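# Geometric and topological summary
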Amino acid sequence: MAALTAATTASLFWYASTLPPIDFAAARDRSTVVLDREGKLLRPFVTSDGRWKLPVGADDVDPRYLAMLKAFEDKRFDDHAGVDPLGTLRAAGQMLANGRIVSGGSTLTMQVARLLEPRQERSLSAKLRQAVRAIELERRFSKTEILDLYLTLAPFGGNLEGVRAASFAYFGKEPKRLSTAEAALLVALPQSPETRRPDRFPEAARKARERVLARVEAAGLATRDEVAAAREEPVPTARRPFPNLAPHTAEQVVAEAPEQRSQRLTIDARWQASLEQLARERAIALGPQLSIAILVADNETGEIRASVGGVDYFDAGRAGSLDLTQALRSPGSALKPFIYALAFDNGLAHPETMLEDRPTRYGLYVPENFDLGFQGMVSARKALQLSLNLPAVELLSALGPQRFLSRLKDAGAAIAMPRDGGAPGLAIGLGGLGITLADLTRLYVGLARGGEVVPLRVKSEGVGSATSSPSPRLRWGGPGWGAVPLGTGLEEEPSPAFHPPIPNLRMNAFWASENFESFIVFRSSQPKGNDTENSSPKRSSFKGSDQRRLWCACAEATLTLRGEASAPRLAHRCRAPLNRGADVGPVETEARS
């Protein structure tokens, strides 16, 4: 007997020596995933051959699922060395009794070996190879690492590989918390993934789940009542879409580093989902062929906390695939605070300076207020609160349009002017130029920081840390990003290589007033009839002690923000519509920190 054992062992060692090294290419080839600041999935991408294969480990999966998996597939997984002798004897006895292979006696480690080196045939030689490979794997990896390989490689039907991809596709959630029925279904599918696909063969999937549930009850992993309730739970009959939050930003960061399988961003998934839904609902209410872009930045660090590039990524009518945060558009009234800030900085005015809001002509240019009315003599404070056009143009005339434009460029904004040329006119103060939402947000962050402009960033480099050096301008993409679409009549002017801070701006006096409790939001719509609400300014009151850290402005819509705690740290910029030039009326929304 000892001689037979020695001979068998020697034969196995000889056979193992004839095999090439294990190829782990299948384990390394995984989907690229884009995560939020806390590690939550924003968007996954298929592999090069079109499969969903999300990275996953034992710690990412419901412990009950792991217990069910071992009970059903390999109850002695934690004890054997790759091959289960008792399971092998059982399989051999069934084969002798039935004249064919009834069960293979494969351990989870042997299944991993088969998934790493797929073989179509189901023969004794194939089993021998799997057994030898399983022993190699056990000698090389821990039990947890082998389990991680199974969870990543197991097939679940169609182009789904790995339990995490299957959990998203069939249940729309991470596999961290699964019901008894969901866990049982995921245990059953890899045995015959194509014939048990619930989206194609729900009845076969249900019967397979029943067998797993019976084993679970027998093993004492669930009570009779829990199993009964699981049997009543419906089997999913269709696949669900994978998460697709911040799709424009996700695509761009992946394009910049395609070899990096995991990208972590500064975006907050909860905020992102809420603002995308908000933009979608409002765009639908506004009408077809309209879109909305929203950008939220942390004033302290320059981190992008949410970036909505458009409404419905797959809606061609709304140009959903275009990142409208990088599109050149008129800023409308959004540049008015900078006019006032620079006027204060140059000693031309202060918050209580009285300005004239009356009909005025500047050569051929005759500006008007949005309500076509006039307030007479008003303070600079009130003129900005009411977003009056005439006082802003008066201050811009005193500053000089070219000087104002140069200051914006020095702060890092890439400004586009009409191609017909000529010196910039006073219309630039009311939106007569082109600027991206990204650059406009960056300017507002600089305003909130007392004139210090910092680069906006979306890639996490240790969330919470600020970038140490300034960048020429916010640019998430390669060549061509921010380029002017054909037929816009705009030309993008290059920005300087280095951007000094906006000199002080002397805005402290503006915010220090005890009576100034509101921040201004701008609207582009005109009041209709005697609608007094439409003709009054929209304001948002904040109770934070450092109000100047939050500026909210909307170039073509009104965004009302209400916040507590950390809300004053954020600069919110919103723009709508971005695809068409129609008047959309006031837009009131609410965002909570």
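The structure reproduced in this document is the subject of the present report.

If you tally the helices and strands in the protein chain, you get 20 helices and 15 strands. Sorting the 593 residues of the protein chain into buried and exposed places 52% on the buried side. Pairs at least 24 apart in sequence give 70% of the contacts found in the protein chain among residues at least 6 apart. Surface exposure of the protein chain reaches about 26600 Å², of which carbon and sulfur atoms provide 53%.

Turning our attention to unusual backbone geometry. Look at L372: it is not a glycine, yet its phi comes out positive at around 65°. Looking at where L372 falls in the secondary structure, it is placed in the loop between β7 (354–357) and β8 (376–379). The exposure class assigned to L372 is exposed, which follows from its relative accessible area of 54%. Positive phi outside glycine occurs at S387, with the angle close to 55°. In this structure, S387 sits in the loop between α15 (380–385) and α16 (389–399).

It is the contact of helix α8 (residues 163–171) with helix α9 (residues 180–188), at a shortest axis distance of 11 Å, that shows an interaxial angle of 125°. It follows that α8 is oblique to α9 by the angle criterion. Considering only the axes of α8 and α9, their crossing is right-handed. Listed contacts from α9 to V163, A166, S167 and F171 of α8 are E182, L185 and L186. Within the contact of α8 with α9, the residues separate by chemical class into five nonpolar, one polar and one charged.

Moving on, we get to the sheet that holds strand β3 (residues 262–264). With mixed pairing, the three strands of this open sheet are ordered in space as β2-β1-β3. Every interior strand has two partners, whereas the edge strands, β2 (41–44) and β3, have only one. Looking at each pair of strands side by side, their axes are set apart by 20° on average, direction ignored. Looking at chain direction, strand β1 (residues 33–35) and β3 are connected through three bridges and run parallel. Opposite V33, over in β3, you have S262 as the bridge partner.

Moving on, we come to the pairing of β7. Along β7, the buried face is formed by L355 and D357; none of M354 and E356, which line the opposite face, is buried. Pairing analysis gives four bridges linking β7 to β8, with the strands arranged antiparallel. Note on β8: the bridge partner recorded for L355 is V378.

Within this structure, the stated rule accounts for six aromatic pairs. Taking the centre distance of 6.3 Å and the plane angle of 40° together, the rings of F168 and F242 count as tilted. Of the two residues, F168 sits in helix α8 while F242 sits in the loop between α11 (224–232) and α12 (247–256), which places them 74 residues apart along the sequence. Among the aromatic residues, those joined into a cluster by ring pairs are W52, F168 and F242. A cation over an aromatic ring shows up here: R43 above the ring of Y313, its NZ or CZ 5.4 Å from the ring centre.

Judged by nonpolar contacts, the single largest core of 58 residues is most densely connected at Y65, Y150, L151 and F156. Only β1, α3 (63–73), α5 (108–116), α7 (143–153), α8, α9, α10 (202–218) and α11 provide two or more residues apiece to this core. In this structure, F156 is in contact with Y65, G162, V163, A166, Y170, L186, L189, P190 and P193, ignoring residues within four places of it in sequence. A383, L399, F404 and L408 belong to the second-largest nonpolar core, a separate cluster that totals 38 residues.

If you walk through the whole model with that rule in mind, you get four cavities of 30 Å³ or more. Each pocket or cavity is described by its volume, and for the second largest cavity that value is around 50 Å³. Around the second largest cavity sit A113, R114, E117, R119, A126, R129, Q130 and R133, which together line it. Classifying every residue of the lining of the second largest cavity by side-chain character gives two nonpolar, one polar and five charged.

Most of strand β5 (residues 304–308) sits out of view: five of its five residues are buried. Sheet topology places strand β4 (residues 293–298) next to β5; four bridges connect them, and they run antiparallel. In the sheet register, V296 faces β5, and the bridge partner there is A306. Between the end of β4 and the start of β5, which pair antiparallel, lie five residues, with G302 showing a positive phi angle near 80°.

With that settled, the discussion passes to the side chain of E182. With respect to the secondary-structure elements, E182 resides in helix α9. Residue contacts for E182: discarding those within four places in its chain leaves F171, K173, R177 and E233.

Glancing now at the side chain of E161. For E161, the position within the fold is in the loop between α7 and α8. Filtering out sequence-adjacent residues up to four positions away, E161 remains in contact with R51, W52, K53, L54, T152, L153 and A154.

Quick look at the environment of L265 now. Examined against the element boundaries, L265 turns out to sit in the loop between β3 and α13 (269–286). Judged by its relative accessible area of 0%, L265 is buried. Placed 15 residues apart in sequence, L265 and A250 show a C-alpha to C-alpha distance of 8.7 Å. When residues no more than four places from it in sequence are discounted, the contact partners of L265 are V34, L35, D36, R37, L42, T249, V253, V458, K459 and S460.

Each α-helix winds once per 3.6 residues, and so residues spaced three or four apart point in a common direction. By the criterion of burial, α8 is predominantly enclosed, with nine of the nine residues buried. The complete set of buried residues in α8 reads V163, R164, A165, A166, S167, F168, A169, Y170 and F171. In this structure, the buried side of α8 is in contact with β2, α3, α7 and α9. In the stretch just after α8, G172 is the one whose phi turns positive, near 70°.

The N-to-C vectors of helix α14 (residues 336–345) and α16 enclose an angle of 50°; their axes lie 9 Å apart at closest approach. Accordingly, the angle class assigned to the pair α14 and α16 is oblique. Seen along the crossing, α14 lies across α16 with a hand that is left-handed. Contacts from K336, I339, Y340, L342 and A343 of α14 reach α16 at N389, P391, A392, L395, L396 and L399. Of the residues that constitute the contact of α14 with α16, the class distribution is nine nonpolar, one polar and one charged.

Calculation criteria
- Residues numbered from 1 in each chain as written.
- Predicted model: local features only at pLDDT ≥ 70, side-chain atom pairs only at ≥ 80, totals over all residues.
- Heavy atoms only, no water.
- Helix = DSSP H or I, 4+ residues; strand = E, 2+ residues; numbered from the N terminus.
- Buried < 20%, exposed > 50% of the residue type's maximum accessible area, 1.4 Å probe, protein only.
- Contact = heavy atoms within 4.5 Å.
- Areas by Shrake-Rupley, 256 points an atom, 1.4 Å probe, with all protein chains shown as cover.
- Axes fitted to C-alpha atoms, helices over the stretch in contact; angles between N-to-C directions.
- Parallel < 35°, antiparallel > 145°, perpendicular 65-115°, else oblique.
- Left-handed = near helix turned anticlockwise from the far one by under 90°.
- Nonpolar A, V, L, I, M, F, W, Y, C, P; charged D, E, K, R; others polar.
- Pairing = 2+ DSSP bridges.
- Phe/Tyr/Trp six-rings, centres within 6.5 Å; stacked < 30°, edge-to-face > 60°.
- Lys NZ or Arg CZ within 6 Å of the ring centre and 35° of its normal.
- Core = buried A, V, L, I, M, F, W, Y, C linked by side-chain atoms within 4.5 Å.
- 1 Å grid on protein atoms, 1.4 Å probe; cavity = no way out; pocket = protein on both sides within 12 Å on 5 of 7 lines; lining within 4 Å.
- Points joined across faces, edges and corners; volume = space filled by probe spheres on them.

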